[in-house]
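Listed below, chain by chain, are the residues.
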Amino acid sequence: VAQGMGADPAAVAFDTLQAAVGREADLVIVDTAGQIEVFTWSAGGTVVTEAFASQFRTVVAFVADSPACALPQSFMCNMLQACSVLYKCRLPMVLAFNKVDASPHTVLLEWMADFEVFHEALDASGDESYAASLSRSLSLVLEEFYQNLRPVGVSAAVGLGMDAFLGAVGEAAEEYCREYWPELERRRAARR
């Protein structure tokens, strides 16, 4: 019925999901598989994210594919998507580089820590296109963004990095309580 009325199914089903989760669980992972930009910028995605954040310590985990990030421009594309999600959701974020058993994320961490290392990788790629030049400029802009992330490497295939991931989620949950919950309360009060 709700779908026929034009309502977003994610928003309509949230009450059911919320009742199933309850307040007893220590950790709940909600996988919004698919195209992240569709979920992040849709009305339903906003409703689900804000509903969780208004009742639970909520952390966003952005999963980036380590093998796909091996090329500097692909890495930059992923970082721009992560930046977009962070600023749209306004919630603490953990950046999980997955498949690190196949492609270690150490070089990706180096690119995040030092834009000159990223520029060297762009130079080594031989790409002199406009997109490469744009990636070079964006690496300077994203320095501050990287400071707001907790990057970890994980592998579901072999269980690598799961303790670090859960530790980063715990830190982000503490940040939620310290910084994000008061902001949510302030926005709620402003709406009244």
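First, a word on scope: everything that follows refers to the structure included in this document.

This paragraph deals with the sheet that holds strand 2 (residues 93-98). Spatially, 1-2-3 is the arrangement adopted by the three strands of the open sheet, whose pairing is parallel. Edge positions in the sheet fall to strand 1 (60-65) and strand 3 (149-153), since each of these pairs with one other strand and no more. Neighbour-to-neighbour, the strand axes of the sheet open up by a mean angle of 25°, direction not taken into account. Relative to strand 2, strand 1 is paired through six bridges, and the arrangement is parallel.

Before going further, it helps to spend a moment on a nonpolar patch on the surface. Nonpolar side chains collect at one region of the surface, where L27, I29 and L166 lie side by side and expose about 320 Å² of accessible area between them. Along the chain, L27 falls in the loop between helix 1 (9-21) and helix 2 (36-41).

To continue, consider unusual backbone geometry. Leave glycine aside and you will find that most residues have negative phi; peptide bonds, for their part, are mostly trans. In this structure, R90 takes a positive phi of about 55° despite not being glycine. Along the chain, the position of R90 falls in the loop between helix 4 (72-89) and strand 2. Here K99, not a glycine, exhibits a phi torsion of approximately 60°, which is positive. By the secondary structure assignment, K99 is in the loop between strand 2 and helix 5 (106-113). Judged by relative accessible area, which is 41%, K99 ranks as partly exposed.

It is worth spelling out the pattern of salt bridges at this point. Pairing is possible between side chains of opposite charge, provided their charged atoms come close. In the structure shown here, the tally under the stated rule is seven salt bridges. Close ionic contact of E183 with R186 constitutes a salt bridge, the shortest N to O distance being 2.5 Å. Within this pair, E183 and its partner R186 are both found in helix 9 (residues 162-191), separated by three residues, close to a single helical turn. On the basis of relative accessibility, which here comes to 46%, the residue R186 falls in the partly exposed class. One continuous salt-bridge network, built from bridges that share partners, spans R150, E171 and E175.

Thresholds, definitions, all that
- Residues numbered from 1 in each chain as written.
- Predicted model: local features only at pLDDT ≥ 70, side-chain atom pairs only at ≥ 80, totals over all residues.
- Heavy atoms only, no water.
- Pairing = 2+ DSSP bridges.
- Helix = DSSP H or I, 4+ residues; strand = E, 2+ residues; numbered from the N terminus.
- Axes fitted to C-alpha atoms, helices over the stretch in contact; angles between N-to-C directions.
- Patch = residues over 30% accessible without salt bridge, like charges linked within 9 Å, V, L, I, M, F, W, Y side chains within 5 Å.
- Areas by Shrake-Rupley, 256 points an atom, 1.4 Å probe, with all protein chains shown as cover.
- Salt bridge = Lys/Arg side-chain N within 4 Å of Asp/Glu carboxyl O.
- Buried < 20%, exposed > 50% of the residue type's maximum accessible area, 1.4 Å probe, protein only.

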